[in-house]
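# Examination of the molecular architecture
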Amino acid sequence: TAVFEGIRAYPSADNLNIFRLREHLDRLFYSAKIYYLNLNYSVEDLIQGTIEVIKSNGFRGRTYIRPIVFVGFGGIGLDYTGFPIDVAIIAVPFERYFHKSAVRAKVSTWRRISNEANPPLAKASGNYLNSALAKQEAIRDGYDEAILLDQRGYVAEGTGENIFIVKDDVVYTPPINSSILIGITRDTAIKLLTDLNYKVVERDIERSELYICDEAFFCGTAAEITPIVEIDQRRVGNGEIGPITRRIREAYLDVVEGRNKKYAHWLTSVY
Ligand code: PY5
């Protein structure tokens, strides 16, 4: 019984910076709250703990951080009232999640878990069994990633990423009631696209819109901005990485690698 986070740290010219650490830890706390997991630590404690873990490992390159809050020792049942709630923070050197510059995706035969059963906006460990089914199916069918539809049949998200599509220079992404994790990279992408003067619309997306869009990309901490160039044996646009996807990917890297001073407040320096 656990909730967790996925966070990245990136080297800049003179430091290693954790991207939107506070927002990730805030989400960890609200995921925990949903499952009645009451931590004896504050966000401030976990910020310090995260920095300490990276420092004591001496990491200087791209790093992935995985804090996990879990029910500690007490018994084997589901009534964990009064059991200790433990936290572990793991950090590992980590470069790319997808080992390709652009990916091919398939709409999964599995549906995304629903708010009526396992709320997707809590980043709970159990949610990833749904993701694992979809991911394994996609990989075994020769694709790189799966796109899950929600219980209503609208596009929800990837197995570990949010999704955006572009049509006629407008950018669309599924709304928060479409069984998604409210991604911090999604929020970052919306802000950066708006800065670049693109119109971003949060609305339900039909499966068939995936087949007629000009561009599509996944975004997430691990995936960063990953272009999607094929969906269900149909080329996205002309099958090349599109111009808006290219721009947002560059803008994202400028921010996380410390080149965009406007968003310096999103970076927590380790050293
Ligand atoms: N949707 C799901 C289901 C996710 O697991 C993730 C992140 C996202 C969206 C994007 O959220 P954010 O932008 O806040 O990272 N996935 C984790 C990650 O570290 C784990 C992937 C295995 O990217």
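Our subject is the structure that appears above.
Now for a quick tour of the structure. Per chain, the residues get numbers from 1 upward, laid out in the order the sequence is written. Per-residue local features of the predicted model are confined to residues with pLDDT of at least 70, and side-chain atom pairs are confined, for both listing and counting, to 80 or more; whole-chain, interface and lining totals are unaffected and use all residues. Water and hydrogen atoms were dropped before computing side-chain values, which therefore reflect all heavy atoms in the structure.

## Some thoughts on the layout of surface pockets
Only protein atoms enter the 1 Å grid used here. Points where a 1.4 Å probe fits but cannot escape make up a cavity, open sets with protein on both sides within 12 Å along at least five of seven lines make up a pocket, and a residue lines them when an atom lies within 4 Å of a point. Grid points are joined across faces, edges and corners, and a volume is the space filled by probe spheres set on the points. Counted as a void, the largest pocket has a volume near 460 Å³. Along the wall of the largest pocket there are 29 residues; nearest its centre are Lys123, Tyr128, Thr159, Gly160 and Glu161. Elements that contribute at least two residues to the lining of the largest pocket include exactly α1 (21-34), β4 (63-71), α3 (127-140), β8 (155-158), α4 (184-195) and β12 (215-220). Residue contributions to the lining of the largest pocket peak at four residues, all from α3. Where helices and strands are cited, they refer to DSSP runs of H or I of at least four residues and of E of at least two residues respectively, numbered from the N terminus.

## A look at empty space enclosed by the protein
Summed over all chains, the structure comprises one cavity of 30 Å³ or more. Looking at the largest cavity, the residues that line it are Asp214, Glu215, Ala216, Pro227, Ile228, Val229, Val236, Glu240, Ile241, Gly242 and Thr245. Sorting the residues of the lining of the largest cavity by element identifies β12 and β13 (224-231) as the ones contributing at least two each. Sort the elements by how many residues they give to the lining of the largest cavity and β13 lands first, with three residues. Of the residues assigned to the lining of the largest cavity, the class counts are six nonpolar, two polar and three charged. The residue classification treats Ala, Val, Leu, Ile, Met, Phe, Trp, Tyr, Cys and Pro as nonpolar and Asp, Glu, Lys and Arg as charged. All others, Gly included, are polar.

## Details of α4
One turn of an α-helix holds 3.6 residues; hence residues three or four places apart share an orientation. When the terminal C-alpha atoms of α4 are compared, their 17 Å separation across 12 residues agrees well with the 16 Å that a helix rising 1.5 Å per residue should span. Within α4 the residues assigned to the buried category are Ile184, Thr185, Arg186, Thr188, Ala189, Ile190, Leu192 and Leu193. Phi turns positive, to about 70°, at Asn197, one or two residues after α4. The length a helix should cover is 1.5 Å for every residue beyond the first. For the exposure calls, accessible area comes from a 1.4 Å probe over protein chains only, and a residue counts as buried if that area is under 20% of its type's maximum, exposed if over 50%, partly exposed in between.

## Details of the site of the ligand
Working definition: residue near molecule or strand if any one of its non-hydrogen atoms lies within 4 Å of it. Taken together, 22 residues form the shell around the ligand, and within it Tyr64, Tyr128, Glu157, Thr185 and Thr221 come nearest. As used in this structure description, the phrase polar contact means that two N or O atoms lie within 3.5 Å; if the pair is within protein, one of them must be able to donate a hydrogen and the other to accept it, and residues adjacent in sequence are counted only when both atoms belong to side chains. With respect to the ligand, the backbone of Gly160 contributes an N or O atom lying 3.2 Å from a nitrogen atom. Within the contact set of the ligand, an oxygen atom lies 2.6 Å away from a side-chain nitrogen or oxygen of Thr185. Accessibility throughout is a Shrake-Rupley quantity obtained with a 1.4 Å probe, and a residue counts as covered only by protein chains that appear here. When the ligand sits alone it has 520 Å² of accessible area, and the protein chains cover 95% of it. For the ligand, the cavity whose grid points lie within 2 Å of the majority of its atoms is the largest pocket. Those molecules having more than half of their atoms within 2 Å of a cavity or pocket grid point set are described as sitting in that cavity or pocket.

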